[in-house]
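Reading the structure
Each chain, written out:
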Amino acid sequence: MRTLKDFIKHLRENKLREVAIYNLNVIKGMDIPLIKLLQQKGVLKSLDDEATIQMTVDSMSKSLLAIIEGTALQNAKISLQQWKEDKIPGIGKNEIQPSDLILVYAAQKKTYQHFLPDFASDTAEAMAILGELEDFQTEVQNDAIQMLFTIQKETELKLKETETKFRLMVQNVKDYSIIMIDTEGNIQSWNEGAQYMNGYSVEEVIGKNISIFYTDEDKENGLPAHNLNIAKKTGHFEAEGKRLKKDGSTYWADVTLTAIYDEGEKLVGFSKLTRDITKQKFAAEELRSLNNFLDSVLENIPNMVFVKDAQDLRFVRFNKAGENLLGYPKKDMLGKNDYDFFPREQADFFTSKDQAVLNQNDIINIPEEPIETKNGLRWLHTKKIPIVSPAGRAMYLLGISEDITDIRNAKLQLEQKTRELERSNSELEQFAYVASHDLQEPLRTVSSYVQLLASRYKDKLDKDANEFIDFAVDGSKRMRQLINSLLEYSRVNRVKPFEWMELKEVMSDIEKDMKDQIKESGAEIIYNGLPKIHGDVVLIGQLFQNLIGNAIKFRGTKKPEIKITSKKKNGQYLFSVKDNGIGISKQYSEKIFIIFQRLNSREKYPGTGIGLSICKKIVERHGGKIWVESEAGKGSSFNFTINAE
Ligand code: ADP
């Protein structure tokens, strides 16, 4: 007896096309939703056209072969699996119903049954094959339905899972308030973030209008209706604004309204997403006020301050002092570079300095640079500083310039004056030298003849003549003294090389030279620990000798006591020659250093009034200063400094 397999083999080999067409007709009569869906989606066209017939022939050939080889169940599994993995286009996972499968299998069964009498005329054989077919179909169909269920359940579970996750996520987000509202702004649901942000419980807000979150001022200005209207029209609205909490406090909110439509594309409400941006707003505000502060600092600095972009050296900042200095308004400067304002040569100079700053990434100091301004040439002292990003890339160049034109002019004038003074001083010295030197010759003649006159004619003429001759002799002596002092004075600045000298040796030479004076006056000279100094030995000797000489000369009634001390201070030696003589009243403490200035009568204290002016010159030649501390009747202290090296 033949079996189902023989029957199927017979169909596949002899009747395939007929079976396919018959099957299509059966399906047509059955009104299967899945087939309609396939037709709707365009996967299947008409059930009568050749392409569909051919497709059915192919698939029937496969499934008949599967029955023959006993792999039908496996095949069904494979195709369901493919469909599960979305490899079969057109039909979604939930679009196949178990009933679809039942109907498809029923159509198949009906088709096979139709051809059975043709194959098996023997009733017993036909019944056996029919039974086999029935069992087979039921088994395959049940398994397929089972598989379909499993797949659909899996998908459903997954969907549910993501839905739950999403809901939880939305619900628990604290940083965002998510509110679902209807088209009029009435609250339908909200998340925990909304509760947290606004301070109301869910029960308190459901059904309320979102206007409860708006300040009175906003409400007067037509909010939130205005925003909802825009969202209604455009589907979307974004804004920043102040929002009200339940406790009456406010916060800054960043709000996005998004329209929600149903399947029929009808507006059903909005999602309202709100973020509390108070902190950011505050930080931004703080930054802005810091910036304003820095701006006003920059604006009010009396020096020109500018910032250039490191890339193309265009001005990006420019302050008021800069505007005043250059004579160009800020708006004309910004975005331009040096070549837009200055003569080419000057712009080249500025640019080369800018590039040097940026290349060496270090500050550059330009003590003097000329700049052509709208108000004429000015001189600047400029510092250029590179401004570097945290990554070390030069971003900007900062320049700070001080207008030194006036200081520079004053300095130049001073230098000019000093030069003139030096010239006239040296001319004067030259003159004093020449005069005193040349005067000596006629003076010698006068004094030798006056002395001759005195020795030959004294007491030979009358009494008056004797007196006149004495005057003439005195006068010529005095004149010699003056001329010698003047010569000495003019020689101080003759440049001689400095050398190291032991002052105590200089002192003992002086004591030898002055031994008569010292003896006669009974003077005591005290000095200890005098240093070695660098200078002109002859002049230094002269300096000490003059001061000691004065201290002895201007002694009072007491025995002169002269104390010489020294100490080192700021790279200089400070010397002091102190006596116990007649002293000098304060008002004369400057005058005595001027040439020919004397305070006392020549009869009592002889002298030319040149000694201290020579001392002053010597001290200055050694880089120091001289001054006196004294009071009339209380002795004097002549102090002076000398460079230590
Ligand atoms: P001279 O000694 O030739 O008068 P100086 O230039 O040395 O000239 O001194 C100027 C004047 O300063 C002196 O005439 C005197 O009045 C005053 N003087 C200088 N040294 C002393 C001193 N040690 N004590 C008091 N007066 C002094």
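You'll find the structure just up there.
Residues numbered from 1 in each chain as written. Predicted model: local features only at pLDDT ≥ 70, side-chain atom pairs only at ≥ 80, totals over all residues. Heavy atoms only, no water.

**Some remarks on the overall build of the chain**
- When you go through the chain residue by residue, the secondary structure sums to 21 helices and 17 strands.
- Computed over C-alpha atoms, the radius of gyration of the chain comes to 61 Å, more than 25% over the 26 Å expected from 2.2 N^0.38 for 645 residues, which places it beyond the range of a compact globule.
- Per-residue burial over the chain gives 37% buried out of 645 residues.
- A separation threshold of at least 6 residues defines the contact pool for the chain, and within that pool the share at least 24 residues apart is 57%.
- Taken together, the 91 basic and 95 acidic charged side chains of the chain have centroids lying 9 Å from each other. (Helix = DSSP H or I, 4+ residues; strand = E, 2+ residues; numbered from the N terminus. Rg over C-alpha atoms; globule rule 2.2 N^0.38 Å. Buried < 20%, exposed > 50% of the residue type's maximum accessible area, 1.4 Å probe, protein only. Contact = heavy atoms within 4.5 Å. Lys, Arg positive; Asp, Glu negative; His and termini not counted. Charge placed at Lys NZ, Arg CZ, Asp CG, Glu CD.)

**Here we look at the pairing of strand β4 (residues 250-261)**
- Where strand β3 (residues 236-244) and β4 come together, 9 bridges link them in antiparallel fashion. Bridging across to β4, arginine 243 finds its partner in tyrosine 251.
- With antiparallel pairing between neighbouring strands as the criterion, β3 and β4 make up a hairpin whose turn holds 5 residues, including glycine 248 at a positive phi of roughly 95°.
- In the sheet, β4 pairs with strand β5 (residues 267-276) via 9 bridges, with the strands oriented antiparallel. When the bridges of β5 are listed, tyrosine 261 appears paired with leucine 267.
- Counted between consecutive antiparallel strands, the loop separating β4 from β5 contains 5 residues, among which glutamate 265 sits at a positive phi close to 65°. (Pairing = 2+ DSSP bridges.)

**Things to note about the site of the ligand**
- As a structural note, the neighbourhood of the ligand is formed by 21 residues, with Asn550, Arg598, Asn600, Gly609 and Leu612 the closest of them.
- Separating an oxygen atom of the ligand from a backbone N or O atom of leucine 599 is a distance of 3.3 Å.
- In this structure, threonine 608 approaches the ligand through a main-chain N or O atom, which is 3.0 Å from an oxygen atom.
- Of all the secondary structure elements, the ones that give two or more residues to the shell around the ligand are α20 (537-553), α21 (611-621) and β17 (636-643).
- By residue number, the principal contributor to the shell around the ligand is α20, which donates 3 residues. (Near = heavy atom within 4 Å. Polar contact = N/O pair within 3.5 Å; in protein donor to acceptor, adjacent residues only side chain to side chain.)

**Some thoughts on the sheet that holds β4**
- What the 5 strands build is an open sheet, ordered β2-β1-β5-β4-β3; its pairing is antiparallel. Each of the sheet's edge strands pairs with one partner strand only, and the pair in question is β2 (187-190) and β3. Taking the axes of each pair of neighbouring strands and ignoring which way they run, one obtains an average angle of 25° across the sheet.
- Each of β1 (176-182), β3, β4 and β5 is contacted by helix α11 (residues 225-234), which is oriented at about 165° to β3, the strand it contacts most. (Axes fitted to C-alpha atoms, helices over the stretch in contact; angles between N-to-C directions.)

**Quick word on the pattern of salt bridges**
- With the rule as written, the count across this model stands at 25 salt bridges.
- Between glutamate 50 and arginine 17 there is a salt bridge; the shortest N-O distance is 3.1 Å. Taken together, the positions of glutamate 50 in helix α4 (residues 50-69) and arginine 17 in helix α2 (residues 16-30) put the pair 33 residues apart, joining distant regions of the chain.
- Taking the shortest distance from any N to any O, the salt bridge between glutamate 299 and lysine 330 comes out at 3.0 Å. Separated by 31 residues along the polypeptide, glutamate 299 in helix α12 (residues 278-300) and lysine 330 in helix α14 (residues 330-333) bring together distant segments of the chain.
- Glutamate 299 gets classed as partly exposed once you look at its relative accessible area, which sits at 23%.
- Several salt bridges share partner residues, and in doing so they unite Lys308, Asp338, Asp354 and Lys384 into one network. (Salt bridge = Lys/Arg side-chain N within 4 Å of Asp/Glu carboxyl O.)

**Remarks on the side chain of threonine 274**
- Within the secondary structure, threonine 274 is located in strand β5.
- Residue classification places threonine 274 among the buried positions, given a relative accessible area of 2%.
- Beyond its immediate stretch of four places on either side in the chain, threonine 274 contacts Asp175, Tyr176, Ser177, Met197, Tyr251, Ala253, Asp254 and Val255.

**Details of the environment of asparagine 466**
- Its place among the elements puts asparagine 466 in helix α17 (residues 463-491).
- As for asparagine 466 and phenylalanine 638, which are separated by 172 residues in sequence, their C-alpha atoms are 43 Å apart.
- Every residue in contact with asparagine 466, bar those within four places of it in the chain, is listed here: Tyr457, Lys458 and Asp459.

**Brief notes about a negative patch on the surface**
- A surface patch of negative charge is lined by Asp462, Asp464, Glu467, Asp470 and Asp474.
- Along the chain, glutamate 467 falls in helix α17. (Patch = residues over 30% accessible without salt bridge, like charges linked within 9 Å, V, L, I, M, F, W, Y side chains within 5 Å. Areas by Shrake-Rupley, 256 points an atom, 1.4 Å probe, with all protein chains shown as cover.)

**Topic: the environment of lysine 245**
- If you trace the backbone, lysine 245 turns up in the loop between β3 and β4.
- Given a relative accessible area of 24%, lysine 245 falls into the partly exposed group.
- Leaving out residues up to four positions away in the same chain, lysine 245 has contacts with Met197, Asn198 and Tyr251.

**Looking at the packing of aromatic side chains**
- Inspection of every chain in the model, using the stated rule, returns 16 aromatic pairs.
- A centroid spacing of 5.8 Å and a plane angle of 80° characterise the contact between phenylalanine 306 and phenylalanine 315, whose relative ring orientation is edge-to-face. Like phenylalanine 306, the residue phenylalanine 315 is buried in the burial classification.
- Ring geometry for phenylalanine 575 against phenylalanine 640: centres 5.3 Å apart, planes inclined by 25°, an arrangement best described as stacked. One end of the pair, phenylalanine 575, is in strand β15 (residues 572-578); the other, phenylalanine 640, is in strand β17, and 65 residues separate them in sequence. Each member of the pair, phenylalanine 575 as well as phenylalanine 640, is classed as buried.
- Taken together through their ring pairs, the aromatic side chains of Tyr328, Phe341, Phe342, Phe349 and Phe350 make up a single cluster.
- Over the face of the ring belonging to tryptophan 379 we find arginine 408, whose NZ or CZ atom lies 3.5 Å from the ring centre.
- Sitting above the plane of the tyrosine 489 ring, lysine 617 keeps its charged end 4.2 Å from the centroid. (Phe/Tyr/Trp six-rings, centres within 6.5 Å; stacked < 30°, edge-to-face > 60°. Lys NZ or Arg CZ within 6 Å of the ring centre and 35° of its normal.)

**Section: unusual backbone geometry**
- A cis amide bond, omega 0°, links leucine 223 with the succeeding residue proline 224.
- Inspection of the secondary structure assignment puts proline 224 in the loop between α10 (216-220) and α11.
- With phi around 70°, phenylalanine 596 is a residue other than glycine that occupies positive phi space.
- Assignment of secondary structure puts phenylalanine 596 in the loop between β15 and α21.

**Let's talk about the nonpolar core**
- Counting 46 residues, the largest nonpolar core has Leu4, Phe7, Ile8, Leu11, Ile67 and Tyr112 as its most contacted members.
- Those elements giving two or more residues to this core turn out to be α1 (4-14), α2, α3 (33-40), α4, α5 (72-84), α6 (98-119) and α7 (123-172).
- Here this core takes 10 residues from α7, the largest share from any one element.
- Here tyrosine 112 is in contact with Phe7, Leu11, Val19, Met60, Leu64, Ile67 and Leu133, once residues within four sequence places are set aside. (Core = buried A, V, L, I, M, F, W, Y, C linked by side-chain atoms within 4.5 Å.)

**Details of the side chain of serine 630**
- By the secondary structure assignment, serine 630 is in strand β16 (residues 626-630).
- Polar side-chain contacts of serine 630 include one of 2.8 Å to the backbone nitrogen of isoleucine 584.
- Within the structure, serine 630 has its side chain in polar contact with the backbone oxygen of glycine 635 (distance 3.0 Å).
- Beyond its immediate stretch of four places on either side in the chain, serine 630 contacts Gly583, Ile584, Lys586, Gly635 and Ser636.

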